[in-house]
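Single-letter residue listing:
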Amino acid sequence: MGSEHNRLHQLKLLVNNAKLKEPPGLFTKGDPYAEVTVDGQPPHKTDYAKGTWEPCWNHPFDLLVSARSEIEIKVYIKYRFKNDLYVGSNSVNLASLLQGYVDGLQPNGGMVANIDEHVVLYDKSRANAGAVFLTFSMEVDAGTLSNMVEGVASSSAISPDSPRPRLQENGGTEEGEEEPLPQGWETKYDANGRRYYVDHNSRTTAWSRPKPLPAGWEQRQDPRGRPYYVDHNSRTTTWQRPTTQNVAEFQSWRRQLSDNQEANRLNLETRYANSSSGAEVSSGGATAGGATTSSTEPEPLPNGWEKRVMDNGRVYYVNHETRTTQWEDPRVQIKKASNLPLPPGWEERYTPDGTKYFVDHNTRSTTFQDPPGCYQCY
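Notes on the structure in this doc start here. All of these numbers come straight from a predicted model, not from anything done at the bench. (Residues numbered from 1 in each chain as written. Predicted model: local features only at pLDDT ≥ 70, side-chain atom pairs only at ≥ 80, totals over all residues. Heavy atoms only, no water.)

1. Observations regarding the pairing of strand β8 (residues 128-139)
Moving on, step 1. Most of β8 sits out of view: nine of its twelve residues are buried.
Moving on, step 2. Sheet analysis places strand β1 (residues 9-20) next to β8, joined by nine bridges and oriented antiparallel. What sits directly across from A18, in β8, is V132. (Buried < 20%, exposed > 50% of the residue type's maximum accessible area, 1.4 Å probe, protein only. Helix = DSSP H or I, 4+ residues; strand = E, 2+ residues; numbered from the N terminus. Pairing = 2+ DSSP bridges.)

See below:
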């Protein structure tokens, strides 16, 4: 049970109501609401209570907590035509809260229910700003609860000078200092005490803490001041801020795509080789021993054609006479078209330099393109 204080449990928190002291200088009542934050995670908000200094929310929250968790309560006042007003805040240490209930639990365990807590709120000057009333409940047996509290009490990490654990995306906890901010970022606090982050690269702000860019990535700005991201590994750019997870997913997809293209290329080359080999065998003569002969040398490309390979391994063919490219092997096309006649009224001719073209006597026109209905003519 040595790590029981790091284990996550589900806590049901009911934000009941509050009694707020009216801030000086206000002539109208706003709409109070509360924010609940666990270990620095994104806050949970109650509904607004209309025009009162004694709001009644009765708002339930399901929270994931560990024995070391700090639950922070902040209260604001919502106004229609101006910024929200910060009233006050305070924190509840879960281990301290549960400590007083360990001895009262029965050995057979059950739910820790209806732990009512009166939390005093303090404003920026540390003056009393009122109080909020909370109810806690957690499904945990007596032995587990005892181990949770004792584990925290015996650990030096409970010291106020030590860093507190933070909940991570995978549901675990992390101890130690937070990762440093990416280059050009800064942490600031607004007038209501809420933390936010400034990106001096793009001159923007964000509530969520930014994560460092993956290795080989760089953030830049276009002439209009919009941030974009450069992947020096693949020499590509994107508007979307990359994370380690989506980069890994994209690389996995790209490897799979490349593998599929390579498999298709090998399959096509095998088909072309088999087609060429079969034609040579059928036209070959018999040897003295009665066996057929076939050449293992590949059939040469037609005059003016060249075979090339793309960076991803895909093969294509260049016709230098017509300055066009295509995917299919022209040798296979010649075999397919060898028995196909020209359409009625068409004639094949050659220019003085040997370039083939076609005459359509029906429309009295000429073209270098293949006639309609003719797959490829050579």
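Read on for the rest.
2. Examining the nonpolar core
Moving on, step 1. Counting residues in each nonpolar core, the largest one holds 35 residues, and the members touching the most others are V15, V132 and F136.
Moving on, step 2. Every residue in contact with V15, bar those within four places of it in the chain, is listed here: A34, V36, T46, W57, N58, H59, F61, V132, F133 and L134. (Core = buried A, V, L, I, M, F, W, Y, C linked by side-chain atoms within 4.5 Å. Contact = heavy atoms within 4.5 Å.)

3. Some points on unusual backbone geometry
Moving on, step 1. Although it is not a glycine, N58 adopts a positive phi angle of roughly 50°.
Moving on, step 2. Inspection of the secondary structure puts N58 in strand β4 (residues 56-65).
Moving on, step 3. For R323, which is not glycine, the phi torsion reads 55° and is therefore positive.
Moving on, step 4. Inspection of the secondary structure puts R323 in the loop between β18 (315-319) and β19 (324-326).
Moving on, step 5. Since its relative accessible area comes to 78%, R323 is described here as exposed.

4. A look at the pairing of strand β6 (residues 85-93)
Moving on, step 1. For strand β5 (residues 70-78) and β6, the ladder comprises eight bridges, and the chain directions are antiparallel. Within β6, the position partnered with E70 by the bridge is N93.
Moving on, step 2. Between β5 and the antiparallel strand that follows it, β6, lie six residues.

5. Focus on the sheet that holds strand β13 (residues 204-206)
Moving on, step 1. In spatial order, the strands read β11-β12-β13; together these three strands make up an open sheet with antiparallel pairing. At either margin of the open sheet sits one strand with a lone partner, and together these are β11 (185-189) and β13. Averaged over all pairs of adjacent strands, the angle between their axes in this sheet comes to 30°, without regard to strand direction.
Moving on, step 2. As paired strands, strand β12 (residues 195-199) and β13 are joined by three bridges and run antiparallel to one another. Note that in β13 the partner of V198 across the bridge is T205. (Axes fitted to C-alpha atoms, helices over the stretch in contact; angles between N-to-C directions.)

6. Focus: the sheet that holds strand β16 (residues 236-238)
Moving on, step 1. Strand order in this open sheet of three strands is β14-β15-β16, and the pairing throughout is antiparallel. The open sheet has two edge strands, β14 (217-221) and β16, and neither has a second partner. Direction aside, neighbouring strands of the sheet carry axes that sit 30° apart on average.
Moving on, step 2. Note that strand β15 (residues 227-231) and β16 share three bridges and pair antiparallel. Across the sheet, the residue bridging to Y229 is T238, located in β16.

7. Digging into the side chain of D231
Moving on, step 1. As for its position among the elements, D231 is in strand β15.
Moving on, step 2. In terms of polar contacts, D231 uses its side chain to reach the side chain of S234, at 2.8 Å.
Moving on, step 3. Setting aside its immediate chain neighbours within four residues, D231 contacts G216, W217 and T236. (Polar contact = N/O pair within 3.5 Å; in protein donor to acceptor, adjacent residues only side chain to side chain.)

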